[in-house]
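# Inside the fold
So the chains spell out like this:
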Amino acid sequence: MYEIIEGFLEAARLIITLDPDVMAIAARSIIVSFTATIFATLIAVPLGAAINFGTFPGKRSLINLIQTLYALPTVIVGLLIFLLISRVGPFGSLRLLFTPTAMIIAQTVLILPIMTGLTISALSGVDPVIRDTLYSLGATRLQFLANIMKEARFAILAAVAVGFGRAISEVGAAILVGGNIMASSFMSSTRVLTTAISLETSMGNIPQSIALGIVLLVIALGVNLAITTVQHR
């Protein structure tokens, strides 16, 4: 018990003194996950709208497939991206393996089904009266979509928050395609909060693990508080 308390005290010191290693790892985690969330949003929102408002054979099956992919294991995503960008893979010539770019790609693929499915749910949850009113007023396709998106914006923001939380908390794909490398250059390193916690714990460096864990929780809490604040305005 004493060792755990001592670990928390040392973790507090590392955070309060803004330990360079801890801050660098936290900053890299935010950059990688935030970038992946932006890319996923740019794909998921239009795709979700197209699926929700589209009429085509197999629509229900496609939605069920997307919802099934919510539980897609991170290691499977990591393995898939690894096979694609490894030296013998089809995109091996790009030399993306063990780079932050590879981690961004993996996280984007991981959260894309979640954000797409939640976008579909958000748009389908808009009051039918609003949709009928827009149709009766002769709204164009673009005007219709813009107004529906506006009505569902808070639910879509929640989807973005869920996607970011999933991205920054995953570890399997990050290790497989990132390698958990600590290089001299900030952007050449691939060590993020989750992979660093795994490494430091295995090495018995409990205070460092606790410090990184607290930072991860603070980041996740901060994003959720920001989204909640926007939703209540």
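That block above? That's the structure.
My aim in this report is to walk through the structure given alongside it, one point at a time. (Residues numbered from 1 in each chain as written. Predicted model: local features only at pLDDT ≥ 70, side-chain atom pairs only at ≥ 80, totals over all residues. Heavy atoms only, no water.)

## Brief notes about the environment of A226
What counts here: Helix numbers and strand numbers start at the N terminus; a helix is a DSSP run of H or I with at least 4 residues, a strand a run of E with at least 2. Each residue's exposure class comes from its accessible area (1.4 Å probe, protein chains only) as a fraction of the maximum for that residue type: buried when under 20%, exposed when over 50%, partly exposed otherwise.
Within the secondary structure, A226 sits in helix α11 (residues 206-231). Given a relative accessible area of 41%, A226 falls into the partly exposed group. In the structure, A226 is positioned 53 residues away from A173 in sequence and 27 Å away in space, judged by C-alpha atoms.

## As for the nonpolar core
To keep things clear, this is the line we draw: Nonpolar cores are built from buried Ala, Val, Leu, Ile, Met, Phe, Trp, Tyr and Cys residues. Side-chain atoms within 4.5 Å join them into one set. In this analysis, two residues are considered to be in contact whenever any of their non-hydrogen atoms come within 4.5 Å of each other.
Counting residues in each nonpolar core, the largest one holds 16 residues, and the members touching the most others are V77, I81, I85, M103, A106 and V177. Per-element accounting of this core gives the leading share, five residues, to helix α5 (residues 100-124). Other than its neighbours up to four places away in sequence, V177 contacts G78, I81, F82, L97, F98, T99, A102, M103 and A106. In terms of nonpolar packing, the next biggest core, distinct from the first, is built from 15 residues, A11, L14, I25 and A196 among them.

## Regarding a nonpolar patch on the surface
Going by this rule: Distance thresholds for patches are 9 Å for like charges and 5 Å for nonpolar side chains (Val, Leu, Ile, Met, Phe, Trp, Tyr), applied to residues having over 30% relative accessible area and no salt bridge. For accessible areas, the Shrake-Rupley method is used with a probe of radius 1.4 Å. Any residue's cover is judged against the shown protein chains and nothing else. For this document, the term salt bridge refers to a Lys or Arg side-chain nitrogen within 4 Å of an Asp or Glu carboxyl oxygen.
Taken together, I30, F34, I38, F39, L42, I43 and L47 make up a surface patch of nonpolar side chains, about 630 Å² in accessible area. Along the polypeptide, L47 turns up in helix α2 (residues 20-53).

## Overview of the pattern of salt bridges
Applying the stated rule across the entire model yields one salt bridge. E10 serves as the salt-bridge partner of R13, at 2.6 Å between the closest nitrogen and oxygen. One end of the pair, R13, and the other, E10, are both in helix α1 (residues 2-16), three residues apart, so they sit about a helical turn from each other. For R13, a relative accessible area of 41% translates into the label partly exposed.

## Focus on α5
Condition: Multiplying 1.5 Å by the helix residue count minus one yields the expected span of that helix. Two axes enter the definition of the bend at a residue: one is fitted to the seven residues ending there, the other to the seven starting there, and the bend is the angle between them.
The end-to-end C-alpha distance of α5 is 35 Å, a good match for the 36 Å that 25 residues give at a rise of 1.5 Å each. In the structure, α5 departs most strongly from a straight axis at I111, where the bend amounts to approximately 35° and where the proline P113 lies between one and four residues downstream.

## Details of the packing of α5 against helix α8 (residues 153-169)
Counted only if it meets this: Under this scheme, a helix contributes an axis fitted over its contacting stretch, all axes are lines through C-alpha atoms, and angles between N-to-C directions fall in the 0 to 180 degree range. Each angle receives one of four descriptions, namely roughly parallel if under 35 degrees, roughly antiparallel if over 145, roughly perpendicular if within 65 to 115, and oblique otherwise. By the definition used in this description, the sense in which the near helix is turned from the far one sets the handedness, with an anticlockwise turn below a right angle giving left-handed and a clockwise turn giving right-handed. Lys, Arg, Asp and Glu make up the charged group, whereas Ala, Val, Leu, Ile, Met, Phe, Trp, Tyr, Cys and Pro make up the nonpolar group; the residues left over, Gly among them, are polar.
Packing of α5 against α8 brings their axes to within 9 Å, and their N-to-C directions diverge by 160°. With respect to their mutual orientation, α5 and α8 come out roughly antiparallel. The crossing of α5 and α8 is right-handed. Contact residues: α5 offers Q107, L110, I111, I114, M115, L118, A122 and L123, while α8 offers A155, I156, A159, V160, V162, G163, R166 and A167. Across the contact of α5 with α8, the residue classes tally to 13 nonpolar, two polar and one charged.

Limitation: the analysis is restricted to geometry and does not speak to function.
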